[in-house]
Amino acid sequence: MARVDKLIITAAMVGAEVTRETQPNLPITPDEIAAAALACREAGASICHLHVRFDDGTPTQDRERFRETIAAIEAKSDIIVQVSTGGAVGMQPEERLQPVTLSPEMATLTCGTVNFGDEVFWNSPDLLKQFATELKRYGVRPEFEIFDAGMVANALNLVRQGFVEPPLHFDFVLGVPGALPASAKNLLYLTELLPEGATWSVAGVGRQQLPMAALAVTLGGHVRVGFEDNIYYRKGELATSNAQLVARVARIAAELDRPLATPDEARALLGIQKR
Ligand code: KMH
Ligand code: ZN
């Protein structure tokens, strides 16, 4: 039987689309985000997927705001910081790339253009190469963000062309309106497209967050939860914190006998050099 790695839980705590109006517990300032990251770490997360906001809640890819927020997180915890290069829909490539210049341990790399609700999340072939080149230049491990099935082929093209080197890590974001829906069949299909040795996690959007997480724990994949993808704990009940969502996955993993990876264990699995 294939070896099953310890479970990496990623906390996507902030996102670019969620607001305080819909989720009053959304962390916004560097201190709030750092406190949320610590709570998620204590609940079992080993990576935080990081978006940042200005104090009024506006999403930004501002380098200084990222620097401040990462410093606040790192002062409190050893969690891996994975910066977003997606930002918010409509941001320009140079704007999106700013946090990469801080040489964080990890960053996302979305592998194609996709409808995103009523908008278009733009990631042209040239943009993919440009982003992969910048990640390499600053020594940042990519996580391929896969919103639709064709994006796996785009990611593997980047690898074939030498823009990204193994170990390869994929995050399937399933259930964005306009992209691939979250279902067991779709998740299995995506995992079958991956080359030997690649690792994957799944981020189910909305009410699919929990079933996708449970499936990933069972299948030997990894899990992303948090307000970026889902603001509810259960139908009609808002989550009280990101850590509450992480803690539930940790409990499911414990019941299924799947130990959790510490940040250092996750670094070893993903080929990350500690900052
Ligand atoms: N906010 C979405 C448009 C990423 O972080 O890399 C894109 C996103 C992906 O969140
Ligand atoms: Zn994101």
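In this report, the structure presented in the accompanying data block is examined. (Residues numbered from 1 in each chain as written. Chains lettered and ligands numbered in written order. Predicted model: local features only at pLDDT ≥ 70, side-chain atom pairs only at ≥ 80, totals over all residues. Heavy atoms only, no water.)

### Here's the deal with the environment of Tyr 233
Link 1 in the chain: Counting through the fold element by element, Tyr 233 comes out in strand β13 (residues 232-234).
Link 2 in the chain: Between the alpha carbons of Tyr 233 and Arg 160 there is a distance of 41 Å; along the sequence they are 73 residues apart. (Helix = DSSP H or I, 4+ residues; strand = E, 2+ residues; numbered from the N terminus.)

### Some words on helix α8 (residues 242-255)
Link 1 in the chain: Its 14 residues give α8 an end-to-end C-alpha distance of 21 Å, which sits within 8% of 20 Å, the value for a rise of 1.5 Å per residue.
Link 2 in the chain: At its buried positions, α8 is contacted by β1 (9-12), α1 (30-43), α7 (209-219), β12 (222-225) and β13.
Link 3 in the chain: Following α8 by one or two positions, Asp 257 adopts a phi angle in the positive range, close to 65°. (Expected span 1.5 Å × (residues − 1). Contact = heavy atoms within 4.5 Å.)

### Comments concerning empty space enclosed by the protein
Link 1 in the chain: Applying the stated criterion across every chain yields a total of 1 cavity of 30 Å³ or more.
Link 2 in the chain: Roughly 40 Å³ of volume is contained in the largest cavity.
Link 3 in the chain: Along the walls of the largest cavity sit Gln 209, Leu 210, Ala 213, Val 225, Leu 245, Arg 248 and Val 249, which together make up its complete lining.
Link 4 in the chain: Elements that contribute at least two residues to the lining of the largest cavity include exactly α7 and α8.
Link 5 in the chain: Here the residues of the lining of the largest cavity are counted per class, giving 5 nonpolar, 1 polar and 1 charged. (1 Å grid on protein atoms, 1.4 Å probe; cavity = no way out; pocket = protein on both sides within 12 Å on 5 of 7 lines; lining within 4 Å. Points joined across faces, edges and corners; volume = space filled by probe spheres on them. Nonpolar A, V, L, I, M, F, W, Y, C, P; charged D, E, K, R; others polar.)

### Points about the state of the cysteines
Linking two cysteines covalently via their sulfur atoms produces the bond known as a disulfide.
Link 1 in the chain: Within the structure shown, the criterion is met by 0 disulfides.
Link 2 in the chain: Unpaired in terms of disulfides, Cys 40 finds its nearest cysteine sulfur in Cys 48, a separation of 8.1 Å.
Link 3 in the chain: What makes Cys 40 buried here is its relative accessible area of 0%.
Link 4 in the chain: Take Cys 48: its relative accessible area is 0%, and that puts it in the buried class. (Disulfide = S-S within 2.5 Å. Buried < 20%, exposed > 50% of the residue type's maximum accessible area, 1.4 Å probe, protein only.)

### Quick look at the coordination of the zinc ion (ligand 2)
Link 1 in the chain: Of the protein atoms, only His 49 (NE2), His 51 (NE2) and Glu 228 (OE) coordinate the zinc ion (ligand 2), at distances of 2.1 Å.
Link 2 in the chain: Expressed as a motif, the donor residue spacing for the zinc ion (ligand 2) is H-x1-H-x176-E.
Link 3 in the chain: The exposure class assigned to His 49 is buried, which follows from its relative accessible area of 3%. (Donors = N, O, S within 2.8 Å, 3.2 Å for Na, K, Ca; no water.)

### Quick look at the packing of aromatic side chains
Link 1 in the chain: Going through the model one piece at a time under the given rule, you end up with 5 aromatic pairs.
Link 2 in the chain: Ring geometry for Phe 172 against Trp 200: centres 5.9 Å apart, planes inclined by 35°, an arrangement best described as tilted. Of this pair, Phe 172 sits in strand β10 (residues 169-174) while Trp 200 sits in strand β11 (residues 199-204); the two residues are 28 residues apart in sequence, bridging distant segments of the chain.
Link 3 in the chain: Aromatic rings pair up to connect Phe 116, Phe 121 and Phe 147 into one cluster.
Link 4 in the chain: Stacked on the ring of Tyr 233, the Lys or Arg Arg 248 has its end atom at 4.0 Å from the ring centre. (Phe/Tyr/Trp six-rings, centres within 6.5 Å; stacked < 30°, edge-to-face > 60°. Lys NZ or Arg CZ within 6 Å of the ring centre and 35° of its normal.)

### A word on the site of ligand 1
Link 1 in the chain: Around ligand 1, the neighbouring residues are Glu 17, His 49, His 51, Ser 84, Gly 86, Gly 87, Val 89, Thr 108, Thr 110, Phe 116, Phe 121 and Glu 228.
Link 2 in the chain: Glu 17 places a side-chain nitrogen or oxygen 2.9 Å from a nitrogen atom of ligand 1.
Link 3 in the chain: A distance of 2.7 Å separates an oxygen atom of ligand 1 from a polar side-chain atom of Ser 84.
Link 4 in the chain: Across the complex, the protein chains shield 98% of the 300 Å² of accessible surface that ligand 1 would expose by itself.
Link 5 in the chain: Among the residues making up the shell around ligand 1, the classes are represented as 3 nonpolar, 7 polar and 2 charged. (Near = heavy atom within 4 Å. Polar contact = N/O pair within 3.5 Å; in protein donor to acceptor, adjacent residues only side chain to side chain. Areas by Shrake-Rupley, 256 points an atom, 1.4 Å probe, with all protein chains shown as cover.)

### Some details on the packing of α1 against α8
Link 1 in the chain: Relative to each other, α1 and α8 sit at 15°, their axes nearing to 8 Å. Taken together, the axis directions place α1 and α8 in an arrangement best described as roughly parallel. Here the hand of the crossing between α1 and α8 comes out right-handed. Contacts between α1 and α8 involve Ala 39, Cys 40 and Ala 43 from the former and Asn 242, Ala 243, Val 246, Ala 247 and Ala 250 from the latter.
Link 2 in the chain: Of the residues assigned to the contact of α1 with α8, the class counts are 7 nonpolar, 1 polar and no charged. (Axes fitted to C-alpha atoms, helices over the stretch in contact; angles between N-to-C directions. Parallel < 35°, antiparallel > 145°, perpendicular 65-115°, else oblique. Left-handed = near helix turned anticlockwise from the far one by under 90°.)

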